[in-house]
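# Architecture at a glance
Chain by chain, the residues:
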Amino acid sequence: MAMVVMKSDIDDLALLGGDPAFSEPLHVGRPNIGDRTALLSRINDLLDRRWLSNDGPFVQEFEQRIADLLGVKHCIAMCNATVALEIAIRALGLHGEVIVPSFTFIATAHALQWQEITPVFCDVDPATHNLDPAKVEAMITPRTTGIIGVHVWGRPCAIEALSEIAQRRGLKLMFDAAHAFGCSHCGQMIGNFGEAEVFSFHATKFFNTFEGGAVTTNDDELASRIRRMRNFGFAGYDEVVCLGTNGKMSEISAAMGLTNLQSLDEFIRVNQRNYRQYQQEINRLPGLSLIHYDESEKCNYQYMAVEVDPQMTGLHRDVLIKVLKAENVLARRYFWPGCHRMEPYRSLFPDAYLSLPQTEKLAGRIMILPTGTAVGEPEIEIICDILRTAIANADGIRKWVIA
Ligand code: T4K
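What this report covers is the structure whose coordinates are included nearby. Note on numbering: residues in each chain are counted from 1, in written sequence order. Per-residue local features of the predicted model are confined to residues with pLDDT of at least 70, and side-chain atom pairs are confined, for both listing and counting, to 80 or more; whole-chain, interface and lining totals are unaffected and use all residues. The basis for every side-chain value is the complete set of heavy atoms in the structure, and neither hydrogens nor water enter the calculation.

## So, unusual backbone geometry
The residue after Tyr-334, namely Phe-335, is reached through a cis peptide bond having omega -5°. Going along the chain from the N terminus, every DSSP run of H or I of four or more residues is numbered as a helix, and every run of E of two or more is numbered as a strand. Following the sequence through the fold, Phe-335 ends up in the loop between strand E13 (329–330) and helix H12 (345–348). With omega at 5°, the peptide bond leading from Glu-343 into Pro-344 counts as cis. Position of Pro-344 relative to the elements: it lies in the loop between E13 and H12. In the Ramachandran plot, Asn-328 falls in the positive-phi region, its phi being about 75° despite a non-glycine side chain. Its location among the elements puts Asn-328 in the loop between helix H11 (317–326) and E13.

Shown next as structure tokens:
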């Protein structure tokens, strides 16, 4: 990655006419890619076998490896996490209303609405960015059948509190664990909680299978139902026993997954190193705070989520994102503006924001900075210099942005 000057003066900033710090864009979701030779050899194998999909040997091996890694009885690999969510939701028999956070990727809500189940948006705890269990109970109505917690940034939800509510109120509980592959809670791997958990192995996740996802569960009967639903409802060659869809993972995705599993520890090590560097640098900057990862648990450190307090920085999060973009640093605003402010939910529930004050605040303050194997020490140092220079010159930048 070619770079130019360090940023120390307001005139150095590209937004104000300086040269961009990076000659090529620095992305948040740059894929981690493991051993190419191993991947190409697996691709040769699958081509030689002429077995490209439909529960092939790589998919079976991949599922077994994931189940072993997570210590869970069943892993059902899927084409992506959105379809995996849809299938898990249907297999659990959810209907009517389901409580979800609005502070999540749109797929969590869409997976419900797609099957005409109403997502009821519940506010999050500002300390964890996850569903606030104290607010969940008030959202339950006679139509509620379940709760979907999301382990946002890979930090586990309030699992015990949500389980207690679900049990007491006779609701199903599942988790969108799209961010939480490789993370643990109280020493047990995410993948074991609720009735089922759903992972994403999309290209932008620290562990990817190009596109992909999985449902994990310790429930034998639920696992069989999900397997059948993933394959059109087939129970044998000619026998269809239920409604199903096509959620299958392809062999080439499983080949990528098996290859990337070999580098999993390395990907996590790099993310952790980046996290520690960001932590040191960001926490010295007034008004910026990097989320805290519990290093006593297993953690993938994949999202460098920074909360911007505009009162202290003198700059709104969106202005900082503009400053970074001019330097070719493509920070992201996950999950702005919140699902409730996106269609169809904005039109369906125009007043939802009234019960989502923490979601609204967070969605306006979080920015995600680049990490992963495409980012190293020098890049992080420059990104933090840009932020430092911008905050130190907040007045000048504000005048420039307003002009
Ligand atoms: N639940 C939750 C909580 C989720 O966060 C997600 C997905 C899901 C469910 C559904 O999972 P999947 O059905 O996708 O398996 C990205 C990802 O597409 C999405 O998977 C992810 N969450 C979400 C948080 O981020 P976008 O719209 O930001 O993607 P995009 O195309 O803007 O890419 C992000 C950055 O990565 C860009 O700067 C470009 C870069 N990039 C992207 C790809 C695909 C690369 O450098 N190389 C690439 O191959 O959603």
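## As for the sheet that holds strand E5 (residues 144–150)
Paired strands are those between which DSSP finds at least two bridges. In space, the 7 strands of this open sheet follow the order E2-E10-E9-E6-E5-E3-E4, with mixed pairing throughout. The strands lining the two open edges of the sheet, one partner per strand, are strand E2 (74–78) and strand E4 (118–122). Neighbour-to-neighbour, the strand axes of this sheet turn through a mean angle of 25°, independent of strand direction. Any two residues having at least one pair of non-hydrogen atoms within 4.5 Å are treated as being in contact. Lines fitted to the C-alpha atoms define the axes, with helices restricted to the stretch that makes contact. Angles between their N-to-C directions range from 0 to 180 degrees. Here helix H4 (residues 106–113) sits on the sheet and contacts strand E3 (97–101), E4, E5 and strand E6 (172–176); the angle it forms with E4, its principal contact strand, is near 145°. Contacting E2, strand E9 (196–200) and strand E10 (213–217), helix H7 (residues 220–230) runs over the sheet at an angle of about 15° to E2.

## With respect to the nonpolar core
Nonpolar side chains in soluble globular proteins generally cluster together in the buried interior. If you look at the biggest cluster of nonpolar residues, it comprises 102 residues, and the most contacted ones within it are Phe-62, Trp-153, Phe-181, Leu-369 and Leu-387. Here this core gets 8 residues from one element, more than from any other, and that element is helix H14 (residues 377–392). If we ignore the near neighbours within four places in the chain, the residues touching Phe-62 are Ala-77, Phe-201, Phe-207, Thr-209, Met-249, Ala-254, Gly-257, Leu-258 and Leu-261. Met-78, Ala-88, Val-198 and Ala-352 belong to the second largest nonpolar core, which has 33 residues in total. The set of buried Ala, Val, Leu, Ile, Met, Phe, Trp, Tyr and Cys residues whose side-chain atoms join them within 4.5 Å is what this entry labels a nonpolar core. A 1.4 Å probe rolled over the protein chains alone gives each residue an accessible area, and that area as a share of the maximum for its type sets the label: buried under 20%, exposed over 50%, partly exposed in between.

## Some points on the site of the ligand
In this text, near means that some heavy atom of the residue lies within 4 Å of the molecule or strand in question. Around the ligand lies a shell of 24 residues, among which Arg-30, Thr-82, Asp-176, Arg-332 and Tyr-334 are the nearest. Identification of polar contacts relies on pairs of N or O atoms within 3.5 Å, with a donor-acceptor requirement for protein atoms, meaning one able to donate a hydrogen and the other able to accept it, and with residues adjacent in sequence counted only if both atoms are side-chain atoms. For the ligand, an oxygen atom lies 2.8 Å from a polar atom in the side chain of Ser-200. Interatomic distance of 2.7 Å between a side-chain N/O atom of Arg-332 and an oxygen atom of the ligand. The Shrake-Rupley method, run with a 1.4 Å probe sphere, supplies the accessible areas, and residue values consider only the shown protein chains as cover. The protein chains hide 77% of the 930 Å² of surface that the ligand would expose on its own. Elements with a minimum of two residues in the shell around the ligand: helix H3 (81–91) and H4. Residue classes in the shell around the ligand are distributed as 9 nonpolar, 11 polar and 4 charged. Residue polarity follows a fixed list, in which Ala, Val, Leu, Ile, Met, Phe, Trp, Tyr, Cys and Pro are nonpolar, Asp, Glu, Lys and Arg are charged, and the others, Gly among them, are polar.

## Quick look at the pattern of salt bridges
Think of a salt bridge as a Lys or Arg side-chain nitrogen and an Asp or Glu carboxyl oxygen that are within 4 Å of each other. Enumeration over the complete set of coordinates arrives at 23 salt bridges. Glu-63 is the salt-bridge partner of Arg-230, the closest N and O atoms lying 2.9 Å from each other. With Arg-230 in helix H7 and Glu-63 in helix H2 (residues 57–70), this pair connects stretches of sequence that are 167 residues apart. Residue Glu-63 is classed as buried on the basis of its relative accessible area of 7%. The partner of Arg-273 in a salt bridge is Glu-377, and the shortest N-O contact between them spans 3.6 Å. Of the two residues, Arg-273 is situated in helix H9 (residues 264–282) and Glu-377 in helix H14; the sequence distance between them amounts to 104 residues. In this structure Glu-377 comes out as partly exposed when scored by relative accessible area, which is 47%.

## Some remarks on the packing of H11 against H14
Each packed pair of helices is defined by two parameters, the angle between the axes and the distance between the axes. Where H11 contacts H14, the axes come no closer than 10 Å and their chain directions differ by 130°. In terms of axis orientation, H11 runs oblique to H14. As for the relative orientation of H11 and H14, their crossing is right-handed in sense. Taken together, the residues of H14 that come into contact with H11 (itself represented by Leu-320, Val-323 and Leu-324) are Ile-383, Ile-386, Leu-387 and Ala-390. For the contact of H11 with H14, the class distribution of residues is 7 nonpolar, no polar and no charged. Relative orientations are named as follows: roughly parallel for angles under 35 degrees, roughly antiparallel for angles over 145 degrees, roughly perpendicular for angles from 65 to 115 degrees, and oblique for any other angle. When the near helix sits turned anticlockwise from the far one by under a right angle, the crossing is termed left-handed; a clockwise turn instead gives a right-handed crossing.

## Description of the side chain of Thr-209
Within the element layout of this structure, Thr-209 appears in the loop between E9 and E10. Setting aside residues no more than four positions away along its own chain, Thr-209 makes contact with Phe-62, Phe-201, Met-249, Ser-253, Met-256 and Gly-257.

## Quick notes on the environment of Arg-398
Position of Arg-398 among the secondary structure elements: in helix H15 (residues 394–402). For Arg-398, a relative accessible area of 36% corresponds to the partly exposed category. The contacts of Arg-398, once residues within four sequence positions are left out, are Gly-314 and Leu-315. Of the polar contacts made by the side chain of Arg-398, one reaches the side chain of Asp-395; its length is 2.7 Å.

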